[in-house]
Structure formats: C-alpha cells, structure tokens
Amino acid sequence: MSPRTPHRLLLIAAAASALALVPAAASAAAAPGRYTTIDVPGAADTVAVGANDSGVVSGFYTDSNGNNHGFLDRAGTFTTINVPGAAGTVATVVNDLGIVVGYYIDSSGDAHGFVDRAGRFTTINAPGAGPGSGQGTFVANMNNLGVIAGFTIDSSGVQHGFIDRAGRFITINNPNAGTASGQGTDVGYINDLGQVTGAYTESNNNTVAFAGSPGRLTTVSDPLAPAFSTLTAAINDAGVVAGEYFDTSGEVHGFTERRGVFTPVEDPAGTEGTDLTGVSNLGVVVGFYIDSSGNTHGFELSPTR
C-alpha cells in the first residue's frame, strides 16, 4: 500500500462540483512561516497527517518493504505506532490529550479503526463496514471531546461518513450522493465545535468537497483550481480549512481557507507538489511534499508570529 493510497482515503480526495462552488473568492499571498521537513529515520516515504496544540505531529511512514507504520514526532524524537497483529498501521491524528487514532489493515486487507491511549489499543468497527479487502472502517480523527469522525466502505464498495460519540454512531449520507461502488459520502475530520470536512460523490462520479457544521455544509473550491480538483483535509476550531487541489498537469498545491479567502501553501522543497493534511488551532499546518525524485516527505509549517 503506497503512502498516497491511505492519504487519499483518509483525507477524502474529492473534487468540488462546478455547479456548487462557493462565491468567487480572493487568493491571498503565499502563507508566511517556517517550513520544517519531517522524515522518519530509515523510512522510504513519510506523510505527516496531524498536529496537536502541544506541537506533537502524527502520521505514518512506509518502510523499505512497503509496509506502513504510524508515528509520533515530538520535536524530532520519533515513536513508532504499530497495532499488534496488523499488516499495516496508519496513524492520523493525536489530540491535545495525547490520544492517537487511525486505522489498521488486517491480514485479509480489511480496515479497522483504532484508538491508542498510551499503548492501549481499542478497535473501532462502525456499523455497516464491509469485511473484505479494501473495505472496513477508516478513522480520521478524534477531537478533544472524544468525538471520532471517519467513514466506512461497505460490502458493495459504497462509502458512508460517520461520527462516533462514545460508541453511539451517527451515519452521514448526503442525499445527493450516488450509491454505486466508489460513490457515497465521507467525513474526514471533526473539530471541537462539531464542524467537519468531507465529500460526497454523485451518481455521475462528480465529487463535491465540503466543510462546516452538519446540516450547514459549504462547498469548498479554490478559485485557482481547475474544476473537479479541490480537496479538503481538516478544519480547526477557528474555521480554518486545510486542503489542496490538482492543476491541469496533475501537480498538487496546498491551501488554507478562512471565510472565503484562500492562502497558497507551497513547501519550497516540493518541486513536484505540496499536499496539506492538517491544521492545528495554533495555525500550524502539516502535510507532505514530493521532491524531484518522486519521494514523499512530511513537513510542518509554523506561522510567523
């Protein structure tokens, strides 16, 4: 499993519909700040996914054998996270209480969510998740109130978003979503205010990325992006959305968005593209970039104060 495969699943790689765009919005100058590369020692590829307000970065890396492992990065000190017995582990977010969530792949290729409390693992299987390879439960994050967000892929290959409050699951299916394999609704993130990011795929296979409160969701589309190419990844408590879009040549570009203003985020080392995956309440942005050799490196952008 390549690092881009779980990234796409987790961060809801969905392009915005040309018929449901937010009103024309300005793009600000590129985000100022300090870029720091994050490479797990010995890894073939590294993807940073989330950062909490204590500065701990979470994510996953791929080893030389192509296996995925979760990690935490505490100021350059790395801790590997492997769910016992799993064929592969992807850590997504560590919240401010130090609780890590993500998903793992079993020997049959089925996905299961997990919660890691100081090395004590709890498996999360949402209702309706399929039992086959490429199906299952994908946990995206847990906010500081203990609410989990993610999505399932059922036995027909259809995706369904969910919110899990202490084992009480709420399924989220957009009424405009298609019901064929590869279609459906995803939820990719939930902040402490209950605002989410995600997407739905229509029956014509157009996908619509969104952010906001359930029931009051807004389509997100970077004005610099071609049609059907804007993706959303995360939203912090200030309503700042992190995401990316693909240009006409297939190169990926990061952005943050707040109140309709889009700010480009481009790691200078990312000669082949910059992909955003998370944003903390302190405005720290994380993601990964692709270098000229096609290798993937995590990064952290600390804002200028």
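The structure presented is a predicted model; accordingly, all values stated were derived computationally and were not measured.

Definitions and cut-offs
- Throughout, a residue's number is its position along its own chain's written sequence, starting from 1.
- Totals for whole chains, interfaces and linings use all residues, but because this is a predicted model, local features are given only for residues with pLDDT of at least 70 and pairs of side-chain atoms are given and counted only at 80 or more.
- Only heavy atoms go into the side-chain values, all of them from the structure, while hydrogens and water stay out.
- Numbering goes from the N terminus for both helices and strands, where a helix is a DSSP run of H or I of at least four residues and a strand is a run of E of at least two.
- The cut-offs for exposure are 20% and 50% of the maximum accessible area for each residue type, with area from a 1.4 Å probe on protein chains only; residues under the lower value are buried, those over the upper are exposed, and the others partly exposed.
- Each accessible area is a Shrake-Rupley result for a 1.4 Å probe, and residues are judged covered by the shown protein chains and nothing else.
- The criterion for an aromatic pair is that two Phe, Tyr or Trp rings (for Trp, the six-membered ring) have centres within 6.5 Å, with stacked assigned to planes under 30 degrees apart, edge-to-face to planes over 60 apart and tilted to the rest.
- The nonpolar core is taken to be a set of buried Ala, Val, Leu, Ile, Met, Phe, Trp, Tyr and Cys residues, with the residues joined through side-chain atoms within 4.5 Å.
- Whether two residues are in contact is decided by their heavy atoms: any pair within 4.5 Å suffices.
- Polar contacts, as counted here, are pairs of nitrogen or oxygen atoms within 3.5 Å of one another; within protein the pair requires one atom able to donate a hydrogen and one able to accept it, and residues that are adjacent in sequence qualify only if both atoms are side-chain atoms.
- Strands qualify as paired when DSSP identifies two bridges or more between them.

Looking at the overall build of the protein chain
1) Next: Each helix and strand counted, the protein chain has 1 helix and 24 strands in total.
2) Next: Each of the 305 residues in the protein chain was classed as buried or not, and the buried ones make up 57%.
3) Next: About 12100 Å² of surface is accessible on the protein chain, with carbon and sulfur atoms providing 52% of the total.

Overview of the packing of aromatic side chains
1) Next: Under the definition given, this model contains 7 aromatic pairs.
2) Next: Pairing Phe255 with Phe262 gives two aromatic rings, centres 5.3 Å apart and planes at 55°, and the pair type is tilted. An identical accessibility class is assigned to Phe255 and Phe262; each is buried.
3) Next: Taken together, the ring pairs connect Tyr103, Phe138 and Phe151 into an aromatic cluster.

Re the nonpolar core
1) Next: Among the nonpolar cores identified, the biggest contains 30 residues, and Val115 and Ile148 are the most heavily contacted of them.
2) Next: Mapped by element, the contributors of at least two residues to this core are strand S10 (136-142), strand S18 (230-235), strand S19 (241-246), strand S21 (261-265), strand S22 (274-279), strand S23 (285-290) and strand S24 (296-302).
3) Next: The dominant element in this core, judged by the number of residues it contributes, is S19, at 3 residues.
4) Next: Look past the residues within four positions of Val115 in its chain and what remains in contact with it is Ile99, Val100, Val101, Arg120, Phe121, Thr122, Ile124, Met142 and Ile148.
5) Next: Counting 12 residues, the second-largest nonpolar core is a separate cluster that includes Phe60, Val90, Tyr103 and Phe288.

Structural notes on the side chain of Asn236
1) Next: Looking at the secondary structure, you find Asn236 in the loop between S18 and S19.
2) Next: A polar contact of 3.0 Å, which involves the side chain of Asn236, links it to the backbone nitrogen of Ala238.
3) Next: A distance of 3.0 Å separates a polar atom in the side chain of Asn236 from the backbone nitrogen of Val240.
4) Next: In contact with Asn236, other than residues within four places in its own chain, are Asn191, Gln195, Val279, Ser280 and Asn281.

Describing the pairing of S23
Side-chain positions along a regular strand alternate between the two faces of the sheet.
1) Next: Most of S23 sits inside the fold, with 6 of its 6 residues counted as buried.
2) Next: Of the two faces of S23, the one carrying Val285, Gly287 and Tyr289 and the one carrying Val286, Phe288 and Ile290 are both buried.
3) Next: For S22 and S23, the ladder comprises 5 bridges, and the chain directions are antiparallel. Looking at the pairing, Asp275 lines up with Phe288 of S23.
4) Next: If you look at the hairpin formed by S22 and S23, you'll find 5 residues sitting between the two strands, and Gly283 has a positive phi there, around 85°.
5) Next: With 6 bridges joining them, S23 and S24 adopt antiparallel strand pairing. Bridge pairing links Val286 to Glu300 in S24.
6) Next: The turn linking S23 back onto S24 is made up of 5 residues, and Gly294 within it adopts a positive phi angle of 85°.

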